[in-house]
Protein chains: 2
Amino acid sequence: MRVLKYAILGLLNRHECSGYDITSQFKEEIGQFWSAKHSQIYPELKKLVDEELVQFRTVIQGEKLEKKIYTITSEGQRELMEWVSASAPLPETEKDTFMLKMYFIGNLPKEEARELFADQLRLRRHKLKDLQQRYEGLKQTFGAEGAEVTFANPHLGHYLVLTKALAREQSYVDWLEEHVQIFG
Amino acid sequence: MRVLKYAILGLLNRHECSGYDITSQFKEEIGQFWSAKHSQIYPELKKLVDEELVQFRTVIQGEKLEKKIYTITSEGQRELMEWVSASAPLPETEKDTFMLKMYFIGNLPKEEARELFADQLRLRRHKLKDLQQRYEGLKQTFGAEGAEVTFANPHLGHYLVLTKALAREQSYVDWLEEHVQIFG
DNA sequence: GGTTCCATGTAATTAGTTACATGATTAT
DNA sequence: ATAATCATGTAACTAATTACATGGAACC
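Keep in mind that this is a model prediction, so the values were computed, not measured. (Residues numbered from 1 in each chain as written. Chains lettered and ligands numbered in written order. Predicted model: local features only at pLDDT ≥ 70, side-chain atom pairs only at ≥ 80, totals over all residues. Heavy atoms only, no water.)

1. Re the interface of chain A and chain B
Now for step 1: Listed per partner, the contact involves 71 residues of chain A and 71 residues of chain B.
Now for step 2: Both sides together, the interface formed by chain A and chain B hides about 6700 Å², and carbon and sulfur atoms give 66% of it.
Now for step 3: Summed over the shared surface of chain A and chain B, the result is 2 salt bridges.
Now for step 4: Salt-bridge contacts for Glu94 of chain B lead to Arg124 of chain A; the nearest nitrogen and oxygen are separated by 3.1 Å.
Now for step 5: Inspection of the chain A/chain B interface yields 26 residue pairs in polar contact (both at pLDDT 80 or more).
Now for step 6: Of all elements in the fold, only α1 (3-14), α4 (74-85), α5 (97-103), α6 (110-141) and α7 (156-179) of chain A reach the threshold of two or more residues within the side of chain A that touches chain B.
Now for step 7: Of the residues forming the side of chain A that touches chain B, the biggest block, 15 residues, is contributed by α7 of chain A.
Now for step 8: Taken together, the residues of the side of chain A that touches chain B sort by class into 37 nonpolar, 19 polar and 15 charged. (Contact = heavy atoms within 4.5 Å. Buried area = accessible area lost by both parts, 1.4 Å probe. Salt bridge = Lys/Arg side-chain N within 4 Å of Asp/Glu carboxyl O. Polar contact = N/O pair within 3.5 Å; in protein donor to acceptor, adjacent residues only side chain to side chain. Helix = DSSP H or I, 4+ residues; strand = E, 2+ residues; numbered from the N terminus. Nonpolar A, V, L, I, M, F, W, Y, C, P; charged D, E, K, R; others polar.)

As structure tokens, this is what we get:
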């Protein structure tokens, strides 16, 4: 399926990047939905160069630190658009080890089950708070409060992933809160 | 991390299974949160036998069809409980290729973006409806309508994964409906 | 001078999918 | 009969993580 290929093409389509830049971006908002380690990114970039979907130039940072700046080619753009626009079936499984544990939770002593559940609630609330703060920050870059997000807005992608991550975490916290009394 | 190992131990802890049974269960409710193909399951079972976490006996189905029935050992149970009860950090990334596409959607012609988004809404609504029906079915096996789900209920795991899958899909559909007008 | 970050790679291993391969049983 | 399901395995490949390995630049 080569999702990483398209993730990289998509990032390069926004602006040219080094391998390190791509690694960094996977630690920010888009990392909520896709990421990869540098050890996977560098070989993939090499492959994309071979396939002529990206190009690079070498620049010197400071005295002698070499860095490779990658740009997308028009063939790369074509393949990216083709992939983005193609509708795909839903994944049968969205892996979640906490929920796998929940499937087996009845075998645990109740106190241990309660602790595990409570800890998940604590972690998810913390993450939710973090995302809410990021969202407050994003709203400011949007200028006027309450201004509508349009298709043409250059921050659309950023807005969509943040609101979706927020919705996902809010739903997780809500579900945990609704069921925490089972372990009481 | 060997999650499949614990997924298999958890399933065997409920009742003895053949490799085929495990494969089948990954196509049901728990498959919403974890699954594996038979080509991964059979070698893992062999490994678990080597590690003495499971045992098996061979039974003949009909005339000559051999099938291996696996059971969990007490050491297997011990390792399972240890894993289930251990709290783990949240995953940094919960992969979702549709949302990755959304991050890049601004580059697409608006009509294509609309179609992609509308199609996802269609697929997610369909899945939600399916889960709602399964939930109606589960409620019947619970007996009295409105009866509270307790920790001791033998269907607790099943109930938790179904309600969580339902919450996840409802949240997905809600988010899509809230943002579909961007592409209008 | 030390710590954090910037920067790039490879090697070894583990996890997961797709394809290959075979055959019995059950329901229609 | 024939199709769907039950049943088990291996081989080849792709994807992803962890560990190994190195060194420059910026900040304090």
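2. Focus: the domain arrangement of chain A
All names here are of chain A.
Now for step 1: By domain assignment, chain A separates into domain 1 (3-85) and domain 2 (97-183).
Now for step 2: Centre-to-centre, using C-alpha coordinates, domain 1 lies 29 Å away from domain 2.
Now for step 3: Taken together, the contact pairs 6 residues of domain 1 with 10 residues of domain 2.
Now for step 4: Note on domain 1 versus domain 2: buried area summed over both sides is about 710 Å², and carbon and sulfur give 54% of it.
Now for step 5: Counting the surface domain 1 buries against domain 2, the share from its top three residues, Glu29, Gln32 and Phe33, is 80%.
Now for step 6: On inspection of domain 1 and its partner domain 2, the count reaches 1 salt bridge.
Now for step 7: We note a salt bridge from Glu29 to Arg134, for which the minimum N-O separation is 3.4 Å. (Domains from an automatic or database assignment.)

3. Some words on the protein's contact with DNA strand C
Now for step 1: Among the 25 residues in the neighbourhood of DNA strand C, the closest are listed as Tyr20, His38 and Lys68 of chain A together with Ser39 and Glu63 of chain B.
Now for step 2: Considering DNA strand C, the proportion of its atoms within 4 Å of the protein that are sugar or phosphate atoms stands at 66%.
Now for step 3: One nitrogen or oxygen atom from the main chain of Lys64 of chain B is found 2.9 Å from a phosphate oxygen belonging to DNA strand C.
Now for step 4: Of all the secondary-structure elements, those providing two or more residues to the surface near DNA strand C are α2 (19-25), α3 (38-50) and β2 (65-72) of chain A together with α3 (38-50) of chain B.
Now for step 5: Classifying every residue of the surface near DNA strand C gives 6 nonpolar, 9 polar and 10 charged. (Near = heavy atom within 4 Å.)

4. Re the pairing of strand β1 (residues 54-61) of chain A
Residues and elements named next belong to chain A.
Now for step 1: Of the pairings in the sheet, the one linking β1 to β2 comprises 8 bridges and is antiparallel in character. If you follow Val59 over to β2, its bridge partner there is Lys67.
Now for step 2: Between β1 and β2, which pair antiparallel one after the other, the connecting turn spans 3 residues, and Gly62 there sits at a positive phi close to 70°. (Pairing = 2+ DSSP bridges.)

5. Here we look at the protein's contact with DNA strand D
Now for step 1: Inspection of the region around DNA strand D gives 25 residues, with Ser39 and Glu63 of chain A together with Tyr20, Lys67 and Lys68 of chain B positioned closest.
Now for step 2: When atoms of DNA strand D within 4 Å of the protein are sorted by moiety, sugar and phosphate together comprise 66%.
Now for step 3: Take Met1 of chain A: an N or O atom from its main chain is 3.3 Å from a phosphate oxygen of DNA strand D.
Now for step 4: Between DNA strand D and Glu63 of chain A, the relevant distance is 2.5 Å, taken from a phosphate oxygen to a main-chain nitrogen or oxygen of the residue.
Now for step 5: Those elements that provide at least two residues to the surface near DNA strand D are α3 of chain A together with α2 (19-25), α3 and β2 (65-72) of chain B.
Now for step 6: Counted by class, the surface near DNA strand D contains 6 nonpolar, 9 polar and 10 charged residues.

6. Section: the packing of helix α1 (residues 3-14) of chain B against α3 of chain B
In a pair of packed helices, the angle between the axes and the distance between the axes together describe the arrangement.
Residues and elements named next belong to chain B.
Now for step 1: The contact between α1 and α3 brings their axes to 10 Å, and the two run at 80°. When the interaxial angle is binned, α1 and α3 end up roughly perpendicular. Contact residues: Leu4, Lys5 and Ile8 in α1; Gln40, Ile41, Glu44, Leu45 and Leu48 in α3.
Now for step 2: Within the contact of α1 with α3, the residues separate by chemical class into 5 nonpolar, 1 polar and 2 charged. (Axes fitted to C-alpha atoms, helices over the stretch in contact; angles between N-to-C directions. Parallel < 35°, antiparallel > 145°, perpendicular 65-115°, else oblique.)

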